[in-house]
Amino acid sequence: FPSHDNKKVPRPKKVPSEMAVWSAEECRTFLASIADYPQPFRALYRFLIDTGCRPSEAYAVKWTDYDTSSGYIKIIRSLERSKTKSGVMIKETKTPKGRRSILLSKSTRQELTSLPRKNDYIFSSADGGFLQHNYVMRRFQRILKRIGIRRIRFYDLRHTSASLLLQAGINLKVISDRLGHQDSSITLRTYAHVLPTMQAAEAEKLWGQS
């Protein structure tokens, strides 16, 4: 029977997708498989694994944010979808902690040197415009299917970066600052699943020889 209650029933909250991360070996396999992949996608994928940036932050990085002499890159804005004519909007990072400088690895810096400077933004489309996120995600999934590597979400490259840093024993505060988290407790809660694996690995090192 139809309800006579005029109150709107709240929609159930969307359940977040489960996080998945690659191992260091899976990352090496992926990066080796895209050695001849077109730019800027090849550089973008390596950049995300290296920095742990959100894709929206990577799309908004400018050449002027990158200090080629030191290898540091500033993350100070993000590219968001909007109802404007262009369909996108450049915004500042969500929190002051989101404004950060990240030291790029040598391999990522080498990738950036091969990118053409079509406009102010490092990662641009063939016509010099902004990269379309859905298109980037589809290309990423096609690569994974082609090479037969374990399927993860595009955003999981950020989680993979953080997990690998944790497993490498990098200080939690350093990782938190690199990711742009408000404080280290957020990092700890987000990646708590990595800690049991780390503890098991350390225990194996300690007692494995006995």
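Because the structure is predicted, anything quoted here is derived from the model rather than measured.

Visitor: Which residues make up the overall build of the protein chain, and what values do they have?
Guide: For the protein chain, the helix and strand inventory stands at nine helices and five strands. Start at the N end of the protein chain and walk to the C end: the helices and strands fall as α-α-α-β-β-β-β-β-α-α-α-α-α-α. A burial count over the protein chain gives 39% of its 210 residues as buried. Taking the intrachain contacts of the protein chain between residues at least 6 apart in sequence as the baseline, contacts between residues at least 24 apart amount to 62%. Summed over its atoms, the accessible surface of the protein chain is roughly 13,100 Å², and 55% of this surface lies on carbon and sulfur atoms.

Visitor: Give me the layout of surface pockets: which residues, what numbers.
Guide: Gaps between atoms show up when a probe of the same size as a water molecule is rolled over them. Its boundaries defined by the atoms lining it, the largest pocket holds a volume of some 610 Å³. Together, 26 residues line the largest pocket, and Pro55, Ser56, Leu79, Glu80 and His133 are the ones closest to its centre. Elements that contribute at least two residues to the lining of the largest pocket include exactly helix H3 (55-59), strand S3 (77-81) and helix H5 (133-147). Residues of the lining of the largest pocket, tallied by class, amount to nine nonpolar, eleven polar and six charged.

Visitor: I'd love a proper account of helix H2 (residues 41-51), names of residues and values included.
Guide: Here H2 lies mainly inside the structure; eleven of its eleven residues are buried. Turning to H2, its buried residues are Phe41, Arg42, Ala43, Leu44, Tyr45, Arg46, Phe47, Leu48, Ile49, Asp50 and Thr51. Taken from the residues just after H2, Gly52 is the one with a positive phi, measuring 75°.

Visitor: I'd like a rundown of the packing of aromatic side chains, residues and numbers included.
Guide: Using the criterion set out here, one finds eleven aromatic pairs in the structure. Both rings, one in Phe41 and one in Tyr135, keep their centres 6.0 Å apart while their planes meet at 70°; by these two values the pair is edge-to-face. Taken together, the residues span a long stretch of sequence, with Phe41 in helix H2 and Tyr135 in helix H5 at a distance of 94 residues. With a relative accessible area of 6%, Phe41 lands in the buried category. For Tyr135, a relative accessible area of 36% corresponds to the partly exposed category. Of note, Arg117 hangs over the ring of Trp63, and the distance from its end group to the ring centre comes to 4.2 Å. Here Arg139 stacks its cationic end above the ring of Phe41, 4.1 Å away from the centre of that ring.

Visitor: Tell me what's going on with the pattern of salt bridges, and back it up with residues and numbers.
Guide: Enumeration according to the criterion identifies eleven salt bridges in this entry. We note a salt bridge from Arg42 to Glu111, for which the minimum N-O separation is 3.0 Å. Note that Arg42 is positioned in helix H2 and Glu111 in helix H4 (residues 106-113), a separation of 69 residues in sequence. Glu111 carries the same exposure label as Arg42, and that label is buried.

Visitor: I'd like to hear about the side chain of Thr51, residue by residue, with values.
Guide: Structurally, the position occupied by Thr51 is in helix H2. A distance of 2.8 Å separates a polar atom in the side chain of Thr51 from the backbone oxygen of Phe47. Looking at Thr51, its side chain comes within polar contact range of the main-chain nitrogen of Cys53, at 3.1 Å. Dropping the residues within four chain positions of it, Thr51 is found in contact with Ile102, Leu104, Ser161 and Arg178.

Visitor: Quick rundown of the nonpolar core? Include the residues and the values.
Guide: Soluble globular proteins tend to pack their nonpolar side chains together in the buried interior. Within the largest apolar cluster, 39 residues are counted, with the highest numbers of intra-cluster contacts made by Phe30, Tyr45 and Phe123. If you list the elements that add at least two residues to this core, you get helix H1 (24-33), H2, H3, strand S2 (72-75) and H5. Those residues in contact with Tyr45 that sit more than four places away from it in its chain are Phe30, Ile34, Tyr37, Val136, Arg139, Phe140, Ile143, Phe154 and Leu157. In this structure, Ile175, Leu179, Tyr191 and Val194 belong to the second largest nonpolar core, which totals six residues.

Visitor: Summarise the environment of Gln141; cite the residues concerned and give the values.
Guide: Note on placement: Gln141 falls in helix H5. A residue is classified by how much of its surface remains accessible, and Gln141, at 24% relative accessible area, is partly exposed. Sequence separation between Gln141 and Arg153 is twelve residues; the distance between their C-alpha atoms is 7.9 Å. Those residues within four positions of Gln141 in sequence are excluded, and the remaining contacts are Arg151, Ile152, Arg153 and Phe154. There is a polar contact of 2.7 Å between the side chain of Gln141 and the backbone oxygen of Ile152.

Rules of the game
Along each chain, residue indices are assigned from 1 in the same order as the chain's sequence is written. Only residues with pLDDT of at least 70 are given local features in this predicted model, and only at 80 or more are side-chain atom pairs given and counted; all residues enter the totals for whole chains, interfaces and linings. Note that the side-chain values use all heavy atoms of the structure and ignore hydrogens as well as water. Only runs of H or I of at least four residues qualify as helices and only runs of E of at least two qualify as strands under DSSP, and these elements are numbered from the N terminus. Working definition: with a 1.4 Å probe on protein chains only, accessible area under 20% of the residue-type maximum means buried, over 50% means exposed, and in between means partly exposed. Here a residue-residue contact requires only that any non-hydrogen atoms of the pair lie within 4.5 Å. With residues, only the protein chains shown are counted as cover, and all accessible areas are computed by Shrake-Rupley using a 1.4 Å probe. Space inside and on the surface of the protein is sampled on a 1 Å grid over the protein atoms alone, with a cavity defined as a set of points where a 1.4 Å probe fits but cannot get out and a pocket as an open set with protein on both sides within 12 Å along at least 5 of 7 lines; lining residues have an atom within 4 Å of a point. Grid points are joined across faces, edges and corners, and a volume is the space filled by probe spheres set on the points. Classes in brief: Ala, Val, Leu, Ile, Met, Phe, Trp, Tyr, Cys and Pro nonpolar; Asp, Glu, Lys and Arg charged; the others, Gly included, polar. For Phe, Tyr and Trp, rings pair up if their centres lie within 6.5 Å, where Trp contributes its six-membered ring, and each pair is then called stacked (planes under 30 degrees apart), edge-to-face (over 60) or tilted (otherwise). Consider the ring centre and the ring normal. A charge sits over the ring if Lys NZ or Arg CZ is within 6 Å of that centre and within 35 degrees of that normal. Any Lys or Arg side-chain nitrogen found within 4 Å of a carboxyl oxygen on Asp or Glu counts as a salt bridge. Contacts described as polar in this section are N or O atom pairs within 3.5 Å, which, within protein, must combine one atom able to donate a hydrogen with one able to accept it, while residues neighboring in sequence count only if both atoms come from side chains. To define a nonpolar core, start from buried Ala, Val, Leu, Ile, Met, Phe, Trp, Tyr and Cys residues and group those joined through side-chain atoms within 4.5 Å.

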